[in-house]
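Descriptive analysis of the structure
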Amino acid sequence: MDASGADGGRARRALVAGARGLVLAVVGFAGSLTLFVLSVLSIVFIVLGVGVLTTPAVLSLVRSWANRRRVLAAEWYGIRVPALYRPFPADARTGLVGQAERCRLMLGDPATWRDLLWLLADMTAGFVTALLPAAVIFYPLEGYALAAGLWRIFTDGTHVGWWYGFVPVGGQGSAFLAAGLATALLVAGYFTAPFLLRAHFQLTRAVLTPDEGELAARVEVLTQTRRDAVDTSAAELRRIERDLHDGAQARLVAMGMDLGTIEALVEKNPQKAKELLAQARRSSADALTELRDLVRGIHPPVLAERGLGDAVKALALRLPVTTDVDVDLPGRTDAPVESAAYFAVSEVLTNAVKHSGADRVWVDVHHTGATGMLRIAVTDNGKGGASIGAGSGLSGIERRLGTFDGVLAVSSPAGGPTMVTMEIPCALS
Amino acid sequence: MRVVLAEDLFLLRDGLVRMLEAYDFEVVAAVESGPELTKALAESEPDVAVVDVRLPPSHTDEGLQCALAARRARPGLPVLVLSQHVEQLYARELLADGNGGIGYLLKDRVFDADQFIDAVRRVAAGGTAMDPQVIQQLLSRRATEAPLGGLTPREMEVLELMAQGRSNAAIAGQLIVTERAIAKHTSNIFLKLGLPVSDDDNRRVLAVIAYLDQGR
């Protein structure tokens, strides 16, 4: 569905742009209008106190709505719209105080106000730029229908019964004129529809990208993601140290002790020595199992041996839920990106299995050479209702992907299905 | 019996050579890298190859790839793959050609010399030896999806051992019952799984795994 692909042909591209424009116009308008009204109400109600509780939730919705559009912009036209939200501190409090804190942080973030401005722009100029390509592609159909005889429904041929554009339709003759106009529109649409829809996303980028202080915002994001990365790896090191200390190391010590006892017992009480030997062997097997699990947690062997695609396939084989994996990766990415993507997928899948109640999951991993983007979609047929918020695993994934300028979008209406889309800019080797 | 061994860690290689020789195998080549393995397999025509998955120089799944390539060149060449970890993905690739003579075991299994040597012999004879861990994953996954045709716990046990590649005699030995009892269990299992009965050990395992693969 790559609109810029050379194989598609101009006609197909125009048609695709028209269809996408129509969907964008309808869904975009409804969504942005609803969210804008909700946001304004919610922010106004902060005065009454209720808004403190609702605002973070509503603004999070706005963010994922904008993120969804970012994903579409990158996917359809390769237009990168940076997501420069200020991250929440990792030690954010929970409960009422945390909620107020989140509310304050979100309202203090210029990106939030840009989002709200974008909602306004999206339901006006955005609506027009999305509807135009749809109109030039689909409105001509009406003109042809009029010429083919539809005009009879509106008029008996004695008066103007219908206007098609600026053509008054009053009989078969003027209906043919309408068809002529339709053809002119269609020709125009044939050449311009993709550019018109492109303009829609350029508008999105123009409104959502900060014009001033962009660098400052970027630095802030980088500082935060670097802190997150350092924190995460420090926590990881602590976990590994603890696991080694309490697990494998302790078992090896126990084994050594058993062997010492065996040495002393071997002649006095061979029966007991034999028992201890069996125990020592079990300890060594357990130590190996623990080490193996630990290694899998640090860097999964299949990932090291085969790369992301096969590692995700191997992961899917271990899940208790039927999982279809579709991989299109013509090469391997950098090891850190590979690893981050793998653990993100792993966590999303674990979430899906644990919470969604799904009995089928689809994972799609592909890399678009044109935009240099690794795109992973995890869809399940569960009950939905997943969200990015305090305490949810998804915000952890979002933070970790942030280190690589990756974006996470979640679409999970109540009743399902849940679709988690992740995008990480990277090159394949 | 002539064995080619590929393992990059000196201590393990040395230990394996000693163990294999203690059980009257002739180790014709003990190599430490992928290219050496390919060469040894082509030149010495062994009865069985014991291969570590991860080998230098790439330190990825080079051993597995060399083994698969050698089996393409000489179909049915018995290969026992050892690994620090076992993955269904690799097990499937090894079993894919349906020629038998395949083993895939965790390295830990060498702790029990008798069982390990038994696995090598079984593979050399054209049978299979699948690590219990792979089979357990397959079975537990299958069990959460759909009950295995209403198998009794005892039949599940038998199925598990059967899928690892054991013969009826070996299963009877392990479960401490008569071979006749096992034969009864296996025919019940085949009946409940809707599999045609076959005398061939190797086809038996492939049939089980093919059944477990269904519904993916």
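Residues numbered from 1 in each chain as written. Chains lettered and ligands numbered in written order. Predicted model: local features only at pLDDT ≥ 70, side-chain atom pairs only at ≥ 80, totals over all residues. Heavy atoms only, no water.

What about the pairing of strand S6 (residues 407-411) of chain A?
Regular strands show a simple pattern: their side chains alternate between the two faces of the sheet. Which entries qualify depends on this criterion: Here the term buried applies to any residue with accessible area under 20% of the maximum for its type, exposed to any over 50%, and partly exposed to those in between, with areas from a 1.4 Å probe on protein chains only. To qualify as a helix, a DSSP run of H or I must reach at least 4 residues; to qualify as a strand, a run of E must reach at least 2; elements of each kind are numbered from the N terminus. Strand pairing is assigned whenever DSSP detects at least two bridges linking the two strands.
Burial analysis of S6 of chain A places four of its five residues in the buried class, which makes it a mostly covered element. In this structure, the hairpin formed by S6 of chain A and strand S7 (residues 418-425) of chain A is closed by a connection of six residues, where Gly415 of chain A is found at a positive phi of approximately 95°.

Overview of the pattern of salt bridges
The following threshold applies: Should a side-chain nitrogen of Lys or Arg be within 4 Å of a carboxyl oxygen of Asp or Glu, the pair is scored as a salt bridge.
Evaluated as defined, the whole model comprises 28 salt bridges over all chains. Residues Arg375 of chain A and Glu423 of chain A are paired through a salt bridge, measuring 3.3 Å at the closest nitrogen-oxygen approach. Of this pair, Arg375 of chain A sits in strand S5 (residues 373-380) while Glu423 of chain A sits in strand S7, and the two are 48 residues apart along the sequence. Across the pair, exposure class does not vary: Arg375 of chain A and Glu423 of chain A are buried alike. It is possible to trace a salt-bridge network through shared partners that takes in Arg306, Asp310 and Lys313 of chain A together with Asp61 and Glu93 of chain B.

A word on the interface of chain B and chain A
Using the following cut-off: In this description, contact between two residues means that some pair of their heavy atoms is separated by no more than 4.5 Å. Buried area is a sum: the accessible area each of two parts loses on coming together, probed at 1.4 Å, counted once for each and added. Definition of a polar contact: a pair of N or O atoms within 3.5 Å, with one able to donate and the other able to accept a hydrogen when the atoms are protein atoms, and with sequence-neighbouring residues admitted only if both atoms are side-chain atoms.
Chain B puts 25 residues into the contact, and the matching count from chain A is 22 residues. Summing both sides of the interface, chain B and chain A together bury roughly 2,100 Å²; the carbon and sulfur share of this comes to 47%. For the chain B face of the interface with chain A, the top three residues by lost area are Glu87, Leu89 and Phe111 of chain B, together amounting to 27%. At the boundary of chain B and chain A, one finds six salt bridges. Along the contact surface separating chain B from chain A lie 10 residue pairs in polar contact (both at pLDDT 80 or more). Of the residues forming the side of chain B that touches chain A, the biggest block, five residues, is contributed by helix H4 (residues 88-95) of chain B.

Here's the deal with the packing of helix H2 (residues 50-77) of chain A against helix H6 (residues 172-208) of chain A
Two measures define how a pair of helices packs: the angle their axes make with one another and the distance between the axes. Residue and element names in this part refer to chain A. Worth spelling out the cut-off: Comment: axis = line fitted to C-alpha atoms, over the contacting stretch for helices; angle = value between 0 and 180 degrees taken between N-to-C directions. Roughly parallel means an angle under 35 degrees; roughly antiparallel means over 145; roughly perpendicular covers 65 to 115; every other angle is labelled oblique. Should the near helix be turned anticlockwise from the far one by less than a right angle, the crossing is left-handed, and should it be turned clockwise, the crossing is right-handed. Classification used: nonpolar for Ala, Val, Leu, Ile, Met, Phe, Trp, Tyr, Cys and Pro, charged for Asp, Glu, Lys and Arg, polar for all others including Gly.
The interhelical angle for the contact between H2 and H6, taken along N-to-C directions, is 135°, at an axis separation of 11 Å. In terms of orientation, H2 and H6 fall into the oblique class. Judged by the twist between their axes, the crossing of H2 over H6 is left-handed. Seen from H2, the contacting residues are Ala66, Arg69, Arg70, Leu72, Ala73, Trp76 and Tyr77; seen from H6, they are Pro194, Leu197, Arg198, His200, Phe201, Thr204 and Leu208. Across the contact of H2 with H6, the residue classes tally to nine nonpolar, two polar and three charged.

Overview of the sheet that holds strand S4 (residues 360-368) of chain A
Residues and elements named next belong to chain A. Ordered in space as S3-S4-S5-S7-S6, the five strands form an open sheet in which the pairing is mixed. Here the strands that pair on one side only, and so sit at the sheet edges, are strand S3 (322-328) and S6. Pairs of neighbouring strands in the sheet enclose a mean axial angle of 10°, with direction left out of account. Judged from the eight bridges that link them, S4 and S5 form a sheet pairing that is antiparallel. In the sheet register, Trp362 faces S5, and the bridge partner there is Thr379. Along the sheet face, H2 touches S5, S6 and S7 and points at about 115° away from the line of S6. Its contacts with the sheet place helix H11 (residues 335-356) against S4, S5 and S7, and it is angled at close to 10° to S5.

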